[in-house]
Protein chains: 2
Amino acid sequence: MASGNEEEKKEQSTSKTRILIAVSHSSIKGYPHASISSDTAFHWVLDKLVKPTSSSIGHRREDFELSILHIQVPDEDGPDDDLDSVYESASDFHSMKERELTRGLHLLEHFVRICDDAKIPCKAWIKAGDPKELICKEAAKLQPDMLVLGSRGLKTMQRMFVGTVSLYCTTHATCPVLVIKRKPQDTPDDPMDD
Amino acid sequence: MASGNEEEKKEQSTSKTRILIAVSHSSIKGYPHASISSDTAFHWVLDKLVKPTSSSIGHRREDFELSILHIQVPDEDGPDDDLDSVYESASDFHSMKERELTRGLHLLEHFVRICDDAKIPCKAWIKAGDPKELICKEAAKLQPDMLVLGSRGLKTMQRMFVGTVSLYCTTHATCPVLVIKRKPQDTPDDPMDD
C-alpha cells in the first residue's frame with residue numbers, strides 16, 4: 001500500500017507534462033554532433049515550452065519532464081568511416097559496435113548536459129534498429145504526453161526518395177506528435193543532409 | 001520611435017508562446033457542437049501546456065496566447081440540411097450564408113468562452129475555403145510558435161479516400177505543427193465522422 005507521501009508524489013508526477021524527444025546524429029562531416037533538425041527541435045522545446053518566459057521564473061521547468069531517445073542505425077552517417085576498414089575477426093565487429101555505442105552516448109551527453117545546466121529533469125537512452133518503428137514503439141511503451149520530432153522539411157519529390165520519420169510517426173504514434181522543421185537558413189548545401 | 005514602455009511591452013509580447021489552433025464543426029447530428037478531434041486538441045493544449053500544474057498556479061497562462069481559427073466549408077456538415085430547401089432568389093443564398101456564418105460564430109464562441117472562464121488570452125476568427133490551404137496560409141501570415149490540429153487518426157486505407165488536413169499541414173506549414181488524435185474510445189460508429 002502506498003503511503004500518503006508516495007500518493008502525493010505520484011499525483012505530482014502525473015501532473016507533469018511528459019515530453020519524449022527523438023534525436024539523431026548529423027550526417028554532415030565533423031562528427032560528433034547532433035543533426036540540425038534535432039538541435040532545432042530540442043531548443044524549441046526548451047525555449048517555447050520548458051523555460052520560463054513570464055514572472056514565474058524557475059517554475060515552468062518543474063512542470064515538464066524530458067525523455068531523450070536516440071535510435072542507432074548502423075549506416076546513419078554513411079558507411080564512409082568504415083569503407084577502408086578491414087574486418088578480420090569477430091572482435092573487429094565488436095569494436096565497431098562499441099564505437100557506434102560511444103557515438104550514441106556522446107550524442108545523448110550533449111543533450112543531457114544542456115538539461116542539467118538548465119536544471120530540467122531528464123532521462124536518455126539508446127535503441128538500435130529502424131528509427132520510425134522504434135520511436136513509435138518507445139512512445140507506445142512510455143506513453144508521453146507529447147512526442148517531439150525534428151524534421152528536415154523536405155519537398156514532395158525529395159520525400160518520395162527518402163521517406164520521412166516524422167510523417168510516419170505523426171500517423172502511427174497514438175500520442176500527440178509535434179513536428180519541428182529546421183529553419184530555411186539552416187538548410188545545408190545538400191538538403192538531404194542534416 | 002518606440003518609447004521604453006513600448007519596447008518592454010514588445011519584448012514581453014514576443015516572449016509568449018503563441019499557439020494557433022484550428023477547430024471544426026462536428027459532422028455528427030445534434031449540431032451545433034465542436035468536432036471530437038477539435039475538442040480533444042483544444043483541451044489537451046489547455047491541460048498539458050497552458051493550465052498550471054505545479055506551484056506556479058496562475059502563471060503559465062500568462063506565458064501563452066491562443067489564436068482560434070475556424071475554416072468554413074460550404075458542405076462541412078453534409079448537404080442534408082439544405083437538401084429539401086428551395087432556392088428561389090439571391091436572398092435565399094444570402095440567408096444560407098448568414099446561417100453558415102452564425103454556425104461558425106457559435107463554434108468559436110464555444111472555445112472563446114472556455115478561454116475566458118480560464119482567463120487565457122485568446123482571439124478567434126473565421127475564413128471560408130479549403131481548410132488545409134487556408135490553415136497553412138493563416139499560419140504563414142500569423143507566424144505562431146506552434147500550429148495545433150486535431151486529427152481523427154484514420155487508418156491508411158481510410159486516409160486514401162478522404163486525405164487529411166493534419167498531414168498536409170505537417171508537411172506544408174513552416175511553423176512547428178502539433179497533431180493530436182482523438183482517443184480510441186471517442187471514435188464514433190463511423191470513424192469518418194468526427
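Nothing here was measured: the structure is a model prediction, and the numbers come from that model.

A. The overall build of chain A, seen in detail. Across its full length, chain A holds 7 helices and 5 strands. Reading chain A from its N terminus to its C terminus gives the helix and strand order α-β-α-β-α-α-β-α-β-α-α-β. Here chain A holds 194 residues, and 40% of them are scored as buried. In chain A, once contacts between residues fewer than 6 apart in sequence are set aside, the share between residues at least 24 apart is 75%. Carbon and sulfur atoms form 54% of the exposed surface of chain A, whose accessible area is close to 10500 Å².

B. The arrangement of the sheet that holds strand S2 (residues 64-72) of chain B in detail. The sheet built from 10 strands is open, its strands ordered S3(A)-S2(A)-S1(A)-S4(A)-S5(A)-S5(B)-S4(B)-S1(B)-S2(B)-S3(B) with mixed pairing. Strand pairing shows two members of the sheet lacking a second neighbour, strand S3 (122-128) of chain A together with strand S3 (122-128) of chain B, which therefore form its edges. Averaged over all neighbouring strand pairs, the angle between strand axes comes to 20 degrees, with direction disregarded. Across 5 bridges, the pairing between strand S4 (residues 146-151) of chain B and strand S5 (residues 177-181) of chain B is parallel. Each residue of the ladder has a partner; that of Gly150(B), found in S5(B), is Ile180(B). In this fold helix H7 (residues 165-172) of chain A packs onto strand S4 (146-151) and strand S5 (177-181) of chain A together with S5 of chain B, with an angle of close to 25 degrees to the strand it touches most, S5(B).

C. Focus on the nonpolar core. Leu49(A), Met146(A), Val148(A), Leu49(B), Met146(B) and Val148(B) are the most contacted members of the largest nonpolar core, which totals 48 residues. Leave out the neighbours within four places in its chain, and Met146(B) touches Trp44(A), Leu49(A), Leu178(A), Arg18(B), Ile19(B), Leu20(B), Leu49(B), Pro176(B) and Leu178(B). Counting residues in each nonpolar core, the second largest holds 17 residues, with Ala22(A), Leu69(A), Leu147(A) and Ala173(A) among its members.

D. The packing of helix H5 (residues 131-142) of chain B against helix H7 (residues 165-172) of chain B, seen in detail. Residue and element names in this part refer to chain B. One can describe the packing of H5 onto H7 by two numbers: an axis separation of 9 Å at closest approach and a directional angle of 35 degrees. In the packing of H5 onto H7, the handedness of the crossing is right-handed. When H5 is examined against H7, the residues Pro131, Lys132, Glu133, Ile135 and Cys136 are found in contact with a partner set consisting of Val165, Tyr168, Cys169 and His172. Per-class residue counts for the contact of H5 with H7 are 6 nonpolar, 1 polar and 2 charged.

E. Spotlight on the pattern of salt bridges. Tallying each qualifying case throughout the model produces 12 salt bridges over all chains. A salt bridge links Lys132(A) to Asp130(A), with the nearest nitrogen and oxygen atoms 3.2 Å apart.

F. Representation of the environment of Ser95(B). All names here are of chain B. Looking at the secondary structure, you find Ser95 in helix H4 (residues 90-117). Overall, the relative accessible area of 33% leaves Ser95 in the partly exposed class. Taking the C-alpha atoms as reference points, Ser95 and Pro188, 93 residues apart in sequence, are found 31 Å from one another.

G. Molecular detail of the state of the cysteines. One pass over the full model with this rule turns up 0 disulfides over all chains. Not part of a disulfide, Cys122(A) finds its nearest cysteine sulfur in Cys115(A), a span of 4.0 Å. Among the residues examined, Cys122(A) registers a relative accessible area of 25% and is labelled partly exposed. There is no disulfide at Cys175(B), and the cysteine sulfur nearest it, in Cys136(B), is 8.1 Å away.

H. Representation of the confidence of the model for chain A. Residue and element names in this part refer to chain A. Scored by pLDDT, chain A comes out at a mean of 81, with 74% of its residues at no less than 70. This stretch, residues 1-13, has a pLDDT under 50; its non-local contacts, to residues over four places away or in other chains, come to 2 contacts. At the level of chain-chain contacts, confidence expressed as ipTM amounts to 0.82, with global pTM at 0.83.

I. Structural detail: helix H2 (residues 36-50) of chain B. Look at H2(B): 20 Å from first C-alpha to last across 15 residues, which is about the 21 Å you get at 1.5 Å a residue. Taken residue by residue, H2(B) has Ser37(B), Ser38(B), Thr40(B), Ala41(B), Phe42(B), Trp44(B), Val45(B), Leu46(B), Leu49(B) and Val50(B) as its buried positions.

J. Layout of the environment of Asp186(A). All names here are of chain A. Along the chain, Asp186 turns up in the segment after S5. Taking the relative accessible area as the measure of exposure, Asp186 reaches 31% and is therefore partly exposed. Counting along the chain gives 146 residues from Asp186 to Thr40, while the straight-line C-alpha distance between them is 9.3 Å. Contacts of Asp186, omitting those with residues within four sequence positions, involve Ile36 and Thr40.

K. Local environment of the packing of helix H2 (residues 36-50) of chain A against helix H4 (residues 90-117) of chain A. Residues and elements named next belong to chain A. Contact pair H2 / H4: the axes reach a minimum separation of 12 Å and the direction vectors enclose 15 degrees. The orientation of H2 with respect to H4, classified from their angle, is roughly parallel. H4 is crossed by H2, and the crossing has right-handed handedness. Residues Ser38, Asp39, Phe42, His43 and Leu46 of H2 form the contact with H4, whose own contacting residues are His110, Phe111, Ile114 and Cys115.

L. Structural view of unusual backbone geometry. Residues and elements named next belong to chain A. In this structure, Lys119 takes a positive phi of about 55 degrees despite not being glycine. Mapping Lys119 onto the fold places it in the loop between H4 and S3. Of the residues examined, Lys119 reaches a relative accessible area of 63% and is grouped as exposed. Phi is positive for Gln143, close to 45 degrees, though the residue is something other than glycine. Residue Gln143 is classed as exposed on the basis of its relative accessible area of 59%.

The rules behind these values
- Residues numbered from 1 in each chain as written.
- Chains lettered and ligands numbered in written order.
- Predicted model: local features only at pLDDT ≥ 70, side-chain atom pairs only at ≥ 80, totals over all residues.
- Heavy atoms only, no water.
- Helix = DSSP H or I, 4+ residues; strand = E, 2+ residues; numbered from the N terminus.
- Buried < 20%, exposed > 50% of the residue type's maximum accessible area, 1.4 Å probe, protein only.
- Contact = heavy atoms within 4.5 Å.
- Areas by Shrake-Rupley, 256 points an atom, 1.4 Å probe, with all protein chains shown as cover.
- Pairing = 2+ DSSP bridges.
- Axes fitted to C-alpha atoms, helices over the stretch in contact; angles between N-to-C directions.
- Core = buried A, V, L, I, M, F, W, Y, C linked by side-chain atoms within 4.5 Å.
- Left-handed = near helix turned anticlockwise from the far one by under 90°.
- Nonpolar A, V, L, I, M, F, W, Y, C, P; charged D, E, K, R; others polar.
- Salt bridge = Lys/Arg side-chain N within 4 Å of Asp/Glu carboxyl O.
- Disulfide = S-S within 2.5 Å.
- pLDDT = per-residue confidence, 0-100.
- Expected span 1.5 Å × (residues − 1).
- Parallel < 35°, antiparallel > 145°, perpendicular 65-115°, else oblique.

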